[in-house]
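Chain by chain, the residues run as shown.
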Amino acid sequence: MEWLLRVSESQAPYSIVRRFLLGDPNRPDEWYRVVTYAPTSDARELVGWVRTLDAACQLGWDYKCAYESWRHHMAKRRASDAEMVAAKPPAAEMVRFYREHEKKVARPTS
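To keep things clear, this report deals only with the structure shown in the data block. Not measured: the values here are computed from a predicted model.

## Structural notes on the state of the cysteines
Okay, step 1: Scanning the entire structure with this criterion turns up 0 disulfides.
Okay, step 2: Cysteine 57 forms no disulfide, and the closest cysteine sulfur to it belongs to cysteine 65, at a distance of 13 Å.

Rendered as C-alpha cells:
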C-alpha cells in the first residue's frame, strides 16, 4: 500500500508513505517507509522507517516543515537556487535537526 501525503488536492504531495510486511508471512512485521515526493522514484530521498502509519504521517509532516523552514532560512540569506541545491542536507538529517530544535523551543525555561 502507498499513500501520497499532501496538504490539499490542489497541491503537490510532500512525502510518500509505503507499507511493508516483512519476515514470517504468518506473522509479518509491519513497517512504513517515508520518502520525499518526486515524480520518479530515482529522484526520491529516504526520510526514514517507522512502525506505525501515524508515525509515518508525522515523519512526513515533520519533513515538510523542516524543508520549508530550511528554505526560509536560505532565502533570508539570499542564497541562489544553485547554492540551495548544493547546501541541502539529507532529508533524514533535516528532520532530526528540526525535531531537536522543536524540542528546545517547546521546553519551558526556568
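## What about the pattern of salt bridges?
Side chains that differ in sign of charge can pair as their charged atoms come close.
Okay, step 1: In this structure the tally under the stated criterion is 7 salt bridges.
Okay, step 2: The shortest N-O distance in the salt bridge between arginine 99 and aspartate 62 comes to 2.6 Å. Residue arginine 99 is found in helix α3 (residues 91-106), and its partner aspartate 62 is found in helix α1 (residues 53-76); the two are separated by 37 residues along the sequence.
Okay, step 3: Owing to a relative accessible area of 9%, aspartate 62 belongs among the buried residues under this scheme.
Okay, step 4: For glutamate 93, the salt bridge identified is with arginine 96, shortest N-O distance 2.8 Å. Of this pair, glutamate 93 and arginine 96 both sit in helix α3, separated by 3 residues, roughly a single helical turn.

## Notes on α1
Okay, step 1: For α1, spanning 24 residues, the distance from its first C-alpha to its last is 35 Å, which sits close to the expected 34 Å at 1.5 Å a residue.
Okay, step 2: Every buried residue of α1 is accounted for by Ala56, Leu59, Gly60, Asp62, Tyr63, Lys64, Cys65, Ala66, Trp70 and Met74.
Okay, step 3: Against β1 (2-5), β2 (15-22), β3 (29-36), β4 (46-50), α2 (81-87) and α3 lie the buried residues of α1.
Okay, step 4: Phi turns positive one or two residues past the end of α1, at arginine 78, with a value near 60°.

Procedures and definitions
Residues numbered from 1 in each chain as written. Predicted model: local features only at pLDDT ≥ 70, side-chain atom pairs only at ≥ 80, totals over all residues. Heavy atoms only, no water. Disulfide = S-S within 2.5 Å. Salt bridge = Lys/Arg side-chain N within 4 Å of Asp/Glu carboxyl O. Helix = DSSP H or I, 4+ residues; strand = E, 2+ residues; numbered from the N terminus. Buried < 20%, exposed > 50% of the residue type's maximum accessible area, 1.4 Å probe, protein only. Expected span 1.5 Å × (residues − 1). Contact = heavy atoms within 4.5 Å.

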